[in-house]
Amino acid sequence: MNSEITLEDFKKYYPYAPTALAIKECVRLHSMRGLECPGPILDVGCGDGLFAKLAFGGQQEVWGIDIDGNEGRRAQASRAYSHVILADVTQAVLPEGFFGSCVANCSLEHVPDIDAAARAIHRSLKPGGVFYTFLPAKDWADSLLVAQTLRKFGLESLASTVTEAINSVFKHRHLEDAAGWRRIFENAKFVVDRVDPIGTTASTMAFEAFLIPSLAGRLNKALTGKWTLVPGLRQLGAVPIYAIIKALLAANPQQIPTAEFLLVAHKP
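Heads up: these notes are all about the structure in this document. (Residues numbered from 1 in each chain as written. Predicted model: local features only at pLDDT ≥ 70, side-chain atom pairs only at ≥ 80, totals over all residues. Heavy atoms only, no water.)

In space, the seven strands of this open sheet follow the order 3-2-1-4-5-7-6, with mixed pairing throughout. Edge positions in the open sheet fall to strand 3 (83–86) and strand 6 (191–200), since each of these has one partner strand only. Ignoring which end each strand starts from, the neighbouring axes of this sheet average 15 degrees apart. As judged from the four bridges shared by strand 2 (residues 62–66) and strand 3, these two strands associate in the parallel manner. For Asp-66, the partnering residue across the bridge sits in strand 3 and is Leu-86. Helix-sheet contacts for helix 4 (residues 69–78) involve strand 2 and strand 3, and the interaxial angle to strand 3 is about 175 degrees. Lying on the sheet, helix 8 (residues 178–187) is in contact with strand 5 (125–136), strand 6 and strand 7 (257–266); it crosses strand 6 at an angle near 145 degrees. (Pairing = 2+ DSSP bridges. Helix = DSSP H or I, 4+ residues; strand = E, 2+ residues; numbered from the N terminus. Axes fitted to C-alpha atoms, helices over the stretch in contact; angles between N-to-C directions. Contact = heavy atoms within 4.5 Å.)

A few words now on helix 5 (residues 114–124). Where burial is concerned, most of helix 5 is hidden: eight out of the eleven residues are buried. For helix 5, the complete set of buried residues consists of Ile-114, Ala-116, Ala-117, Ala-118, Ala-120, Ile-121, His-122 and Ser-124. Contacts from the buried residues of helix 5 go to strand 1 (41–44), strand 4 (99–105), strand 5 and helix 8. (Buried < 20%, exposed > 50% of the residue type's maximum accessible area, 1.4 Å probe, protein only.)

Okay, the state of the cysteines next. Scanning the model with the defined rule gives zero disulfides in all. Cys-106 provides the cysteine sulfur closest to Cys-26, a residue in no disulfide bond, and the two sulfurs are 14 Å apart. You can call Cys-26 buried: its relative accessible area is 0%. Considering cysteine sulfurs only, Cys-37 is the nearest to Cys-102, which forms no disulfide, with 9.8 Å between them. (Disulfide = S-S within 2.5 Å.)

Our focus in this paragraph is the packing of aromatic side chains. Counting across every chain of the model gives twelve aromatic pairs. Both rings, one in Phe-10 and one in Tyr-14, keep their centres 5.1 Å apart while their planes meet at 25 degrees; by these two values the pair is stacked. Summarising the aromatic geometry, the rings of Phe-51 and Phe-134 are spaced 6.4 Å apart at their centres and angled 80 degrees between planes, so their arrangement reads as edge-to-face. Taken together, the residues Phe-51 in helix 3 (residues 50–56) and Phe-134 in strand 5 connect sequence positions 83 residues apart. Note on Phe-51: relative accessible area 5%, which makes it buried. Of note, Lys-24 hangs over the ring of Phe-207, and the distance from its end group to the ring centre comes to 4.8 Å. (Phe/Tyr/Trp six-rings, centres within 6.5 Å; stacked < 30°, edge-to-face > 60°. Lys NZ or Arg CZ within 6 Å of the ring centre and 35° of its normal.)

Once that is clear, we can look at the packing of helix 2 (residues 19–32) against helix 9 (residues 201–209). For the pair helix 2 and helix 9, interaxial distance at closest approach is 8 Å and the crossing angle is 160 degrees. Viewed along their axes, helix 2 and helix 9 adopt a mutual orientation that is roughly antiparallel. Seen along the crossing, helix 2 lies across helix 9 with a hand that is left-handed. Between helix 2 and helix 9, the residues in contact are Ala-20, Ile-23, Lys-24 and Val-27 and Ser-203, Thr-204, Ala-206 and Phe-207, respectively. Residue classes in the contact of helix 2 with helix 9 are distributed as five nonpolar, two polar and one charged. (Parallel < 35°, antiparallel > 145°, perpendicular 65-115°, else oblique. Left-handed = near helix turned anticlockwise from the far one by under 90°. Nonpolar A, V, L, I, M, F, W, Y, C, P; charged D, E, K, R; others polar.)

Pasting the structure below:
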């Protein structure tokens, strides 16, 4: 059984997030296991704070930064952070040489000036400070079943149009292969220790299977500011939904990491 999505993590995420998003975040949480995050921690693109609460568990001083004021207010309400900064990371006044680690959970690919963002994070870290960032693979959308099916029937042009549309919906301003992501952060004076592929074809297809139903959560967030409205009631569905995900993972023999990268770096 594919272990990148555990029932324990899913039960924590599912009440508060659409199924497709919960699948992706569980993969990232699994990838964070065992990584040292010395404090203080900077969470770039912190969103509502749920990832930080589950990943760091309140054991460290954590600062969050997000350009979206609504997300920042939810982050403050989550009590996952000691400080929340509402600002663009490229323009925010961050304390220099202060943070022991920084995590950017699939946020930097949305920043127009990613080079400036990388330099700002580098300045904010202590010497020896570690940096973890989740980043989409250049061809992540090509691993989706819809794209693969179109190509199987020789509809290459339509497949390319579909993948471009998907990336537009997700507002990906930057998409790179492992070498490209490495180059961006090395140019910002980081020492890149490794760029690990994460997110197998199996979990990506499970994500895709729940993508359309999860659009209701996207609409709900646009209207109310929350992905879900009744987390306690939604919790009741976590185990049966996980059973479906487990079956999808078991039915897919392709366990090749294709969707994302976890880039691990440090400030010398």
